[in-house]
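As a plain string of letters, each chain reads:
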Amino acid sequence: METIIIIVFVLGYLAITMEHNLKIDKLIPALAMMAILWAIIALAHLPVFEVNSDLKELEPTDIDEILLHHLGKTAEILVFLLGAMTIVEIIDYFNGFVTIKGFIKTKSKRKLLWLFSILAFVLSAIIDNLTATIVLITILQKVIKERDTRLWFAGIIIIAANAGGAWSPIGDVTTTMLWIGNKVTALVLIEHVFIPSIVCMVIPVLVASRYKAFKGNIVTDAAELDEPKSKYGATMLYLGLGAIVFVPFFKTITHLPPYVGMMLSLAVVAIFAEIYSNTKFSISAVNGEGHDTVGHHSPVHASLSKIELPSILFFLGILLAVAALESLGMLFHFAEILDSTMPALGTEAREGIVSDLVVLILGVGSAIIDNVPLVAASMGMFSVPIDDPVWHFIAYSAGTGGSMLIIGSAAGVVAMGMEKIDFFWYLKKIAWLAFLGFIGGAVAFVLLRNFLLNV
């Protein structure tokens, strides 16, 4: 029966990775795989277990209890993401991201490269790498009219956005999973991953800045973005970003789950959004026609209607599917095999610690396979304590490794759609830059861990 379980998981995984070829949204195989796996467990009366992280062993439990346990852990992540997505949409409702255009006052391609890279690095740490990529490529399309030049900028933005998301607990879904799953704490994660992430961004930008594509000035008139629909755009931008940044501090002070702080932040932002909005502005912003449609005046309602529910459902499916394997003890036993066959490289050998080589392979694998299930699997495989360096290395590798292929990260996929970037063009022009950054950051992580942070 375990063979059937593995076959179902592998087939579902293949369907997810080949969504563009199959032309089927990846949420469909994810949900189907999750439901089938748990149905097989229930119908076959397979024994399920819960991993005791203290004793590092499996404890038998009831299927209803373990399913409810995993659903609760998954719901924490999904509710957190829903709150963050809504705040971002409220900012966008007021056209607040136009404020970022004020930072762009140069026509030098090389200066613009550094400016967009830094903006991507910083923004992705606050509003996540996917949203940061969407915002910056939208601005890029207004600033640079030459498509060939824009493609190069988009490629570097992908690398910088993924690097920025890796060091922040709210910058990438995978780091958020590790943070909410009590594998890392915000301050220690930043302490270990911030510098490697900077290295991961700086190396590709330094190399690319010598390319012909980034020499000279942009050939365009002073292109302007659309004017803000509200005079409160800048206020809502700073308020929204500040509210999201507040969440880790809330968790540290109260020791409550992060989604509680995110709901508080959403409530505060929503209050100001309702105060600042008015009927005329709200109607035009929602439907663009000025029709007095009752029920669509609220900026919060308008923002909630734009939430990407397919992404939420995909996370639900894939996280509970991986939880099924974890509950059967498969991931735990696989981890034991890895520990017994692969030595720890570059660190002191300690029981239960994954070798650096395995984590690097996970990072490279995230360029091919979605990093969400990879990180979810690693969380179920290894029972090492909170803030162990291995979790920080996993956060770095899974967050930045996806940059090596354009389909390897959410930022890459959305950039591919917005700019119609060819897969092989990216593979030829950008992939090796991303690889240089990935390896450079990994080396920086190992050196930082072994010589500066090794207490």
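Here is what the cut-offs are and how they apply
- Residues numbered from 1 in each chain as written.
- Predicted model: local features only at pLDDT ≥ 70, side-chain atom pairs only at ≥ 80, totals over all residues.
- Heavy atoms only, no water.
- Helix = DSSP H or I, 4+ residues; strand = E, 2+ residues; numbered from the N terminus.
- Buried < 20%, exposed > 50% of the residue type's maximum accessible area, 1.4 Å probe, protein only.
- Contact = heavy atoms within 4.5 Å.
- Areas by Shrake-Rupley, 256 points an atom, 1.4 Å probe, with all protein chains shown as cover.
- Axes fitted to C-alpha atoms, helices over the stretch in contact; angles between N-to-C directions.
- Left-handed = near helix turned anticlockwise from the far one by under 90°.
- Expected span 1.5 Å × (residues − 1).
- Polar contact = N/O pair within 3.5 Å; in protein donor to acceptor, adjacent residues only side chain to side chain.
- Patch = residues over 30% accessible without salt bridge, like charges linked within 9 Å, V, L, I, M, F, W, Y side chains within 5 Å.
- Salt bridge = Lys/Arg side-chain N within 4 Å of Asp/Glu carboxyl O.
- Lys, Arg positive; Asp, Glu negative; His and termini not counted.
- Charge placed at Lys NZ, Arg CZ, Asp CG, Glu CD.
- Phe/Tyr/Trp six-rings, centres within 6.5 Å; stacked < 30°, edge-to-face > 60°.
- Core = buried A, V, L, I, M, F, W, Y, C linked by side-chain atoms within 4.5 Å.
- Parallel < 35°, antiparallel > 145°, perpendicular 65-115°, else oblique.
- Nonpolar A, V, L, I, M, F, W, Y, C, P; charged D, E, K, R; others polar.
- pLDDT = per-residue confidence, 0-100.

Colleague: Quick question: what am I supposed to make of the overall build of the protein chain here?
Modeller: From N to C terminus, the protein chain includes 21 helices and two strands. The burial tally for the protein chain puts 53% of its 455 residues in the buried class. The long-range share in the protein chain, meaning contacts at least 24 apart out of those at least 6 apart in sequence, stands at 78%. With an accessible surface of roughly 20,100 Å², the protein chain has 66% of that area assigned to carbon and sulfur atoms.

Colleague: Would you mind going over the packing of helix α9 (residues 186-208) against helix α21 (residues 431-452) with me for this structure?
Modeller: Relative placement of two packed helices is described by the angle separating their axes and the distance separating the axes. Interaxial distance between α9 and α21 falls to 8 Å at its minimum, and their mutual angle equals 145°. Both α9 and α21 take part in a crossing whose hand is right-handed. Residue-level inspection shows Glu 191, His 192, Val 193, Ile 195, Pro 196, Val 199, Cys 200, Ile 203, Pro 204, Val 207 and Ala 208 of α9 in contact with α21, the latter providing Trp 432, Leu 433, Leu 436, Gly 437, Phe 438, Gly 440, Gly 441, Ala 444, Phe 445 and Leu 448.

Colleague: What am I meant to see in the environment of Pro 204 here?
Modeller: Inspection of the secondary structure assignment puts Pro 204 in helix α9. Exposure remark for Pro 204: the relative accessible area of 1% places this residue in the buried category. Separated by 226 residues in the primary sequence, Pro 204 and Ile 430 have C-alpha atoms spaced 8.8 Å apart. Among all residues touching Pro 204, those that are not within four sequence positions of it are Ile 159, Val 199, Leu 433 and Gly 437.

Colleague: Is there a simple way to think about helix α6 (residues 129-143) in this case?
Modeller: Since the α-helix advances by 3.6 residues per turn, residues separated by three or four positions end up pointing in the same direction. Given a rise of 1.5 Å per residue, 15 residues ought to cover 21 Å, and the 21 Å separating the end C-alpha atoms of α6 matches this to within 8%. Residues of α6 that are buried make contact with α4 (63-93), α5 (109-127), α7 (147-166) and α19 (410-419). For α6, the N-terminal cap is Asp 128; the gap from its side-chain oxygen to the backbone nitrogen of Leu 130 is 2.9 Å.

Colleague: Just checking my understanding: could you explain a negative patch on the surface for this structure?
Modeller: A cluster of acidic side chains, namely Glu 50, Glu 59, Asp 62, Asp 64 and Glu 65, defines a negative patch on the protein surface. Relative to the helices and strands, Glu 50 resides in strand β1 (residues 48-52).

Colleague: Please clarify how the packing of aromatic side chains should be interpreted in this entry.
Modeller: Both the distance between ring centres and the angle between the ring planes are used here to describe each pair of aromatic rings. Under the defined criterion, the tally for this structure stands at 19 aromatic pairs. A centroid spacing of 6.1 Å and a plane angle of 75° characterise the contact between Phe 116 and Phe 153, whose relative ring orientation is edge-to-face. Remark: Phe 153 occurs in helix α7 and Phe 116 occurs in helix α5; sequence separation between them is 37 residues. The burial state of Phe 116 is the same as that of Phe 153; both residues are buried.

Colleague: Looking at this model, I keep getting lost on the side chain of Lys 109. Mind explaining?
Modeller: Secondary-structure assignment places Lys 109 in helix α5. Taking the relative accessible area as the measure of exposure, Lys 109 reaches 9% and is therefore buried. Discounting residues that sit within four places of it in the chain, Lys 109 has contacts with Glu 146, Thr 149, Phe 153, Ala 213, Phe 214, Lys 215, Gly 216, Asn 217 and Ile 218.

Colleague: Is there a simple way to think about the pattern of salt bridges in this case?
Modeller: Side-chain pairing between opposite charges can occur once the charged atoms of the two side chains come close. Counted by the stated rule, this structure contains four salt bridges. The closest approach of N and O atoms between Glu 419 and Arg 150, which form a salt bridge, is 2.6 Å. Of this pair, Glu 419 sits in helix α19 while Arg 150 is found in helix α7, placing the two residues 269 residues apart along the sequence. Assigned by exposure class, Glu 419 and Arg 150 land together as buried. Connected through salt bridges with shared partners, the residues Glu 89, Asp 92 and Lys 306 form a single ionic network.

Colleague: I would appreciate a short explanation of the nonpolar core in the present structure.
Modeller: Taken as a class, soluble globular proteins show a tendency for nonpolar side chains to be buried jointly. Counting residues in hydrophobic clusters, the biggest one holds 133 residues, and the most contacted among them are Phe 116 and Ile 127. Not counting the four nearest positions on each side in its chain, Ile 127 is found in contact with Val 88, Phe 97, Ala 132, Leu 241 and Ile 244.

Colleague: Which parts of the structure should I look at to understand the packing of α4 against helix α8 (residues 173-180)?
Modeller: Two elements in contact, α4 and α8, have axes separated by 10 Å at closest approach and are oriented at 130°. Considering their axes alone, α4 and α8 lie oblique with respect to each other. Classified by chirality, the crossing of α8 by α4 is right-handed. Where α4 abuts α8, its residues Glu 76, Ile 77, Phe 80 and Leu 81 lie against Val 173, Thr 176, Met 177, Trp 179 and Ile 180. When the residues that make up the contact of α4 with α8 are grouped by side-chain class, the tally is seven nonpolar, one polar and one charged.

Colleague: Can you walk me through α5 in this structure?
Modeller: Compared with the 27 Å implied by 1.5 Å per residue over 19 residues, the 26 Å span of α5 between its first and last C-alpha is a close match. Where α5 terminates, the next one or two residues include Asp 128, which has phi positive at roughly 80°.

Colleague: I would appreciate a short explanation of a nonpolar patch on the surface in the present structure.
Modeller: Taken together, the side chains of Ile 6, Ile 7, Val 10, Leu 11, Leu 14, Met 18, Leu 22, Ile 24 and Ile 28 make up a nonpolar region of the molecular surface, amounting to roughly 780 Å² of accessible area. Tallying contributions element by element places helix α1 (residues 2-17) first for the nonpolar patch, with five residues. Relative accessible area serves as the criterion here: at 44%, Leu 22 is assigned to the partly exposed category.

Colleague: I would appreciate a short explanation of the confidence of the model for the protein chain in the present structure.
Modeller: Close inspection of predicted coordinates is inappropriate for parts of the model with low pLDDT. Residue-level pLDDT values for the protein chain average 81, and 84% of them are 70 or greater. When pLDDT is averaged over each helix and strand of the protein chain, the minimum, 46, is found for helix α12 (residues 279-287) and the maximum, 93, for α9. Between residues 279-296, whose pLDDT stays under 50, and residues either more than four places distant or in other chains, the model counts 23 contacts.

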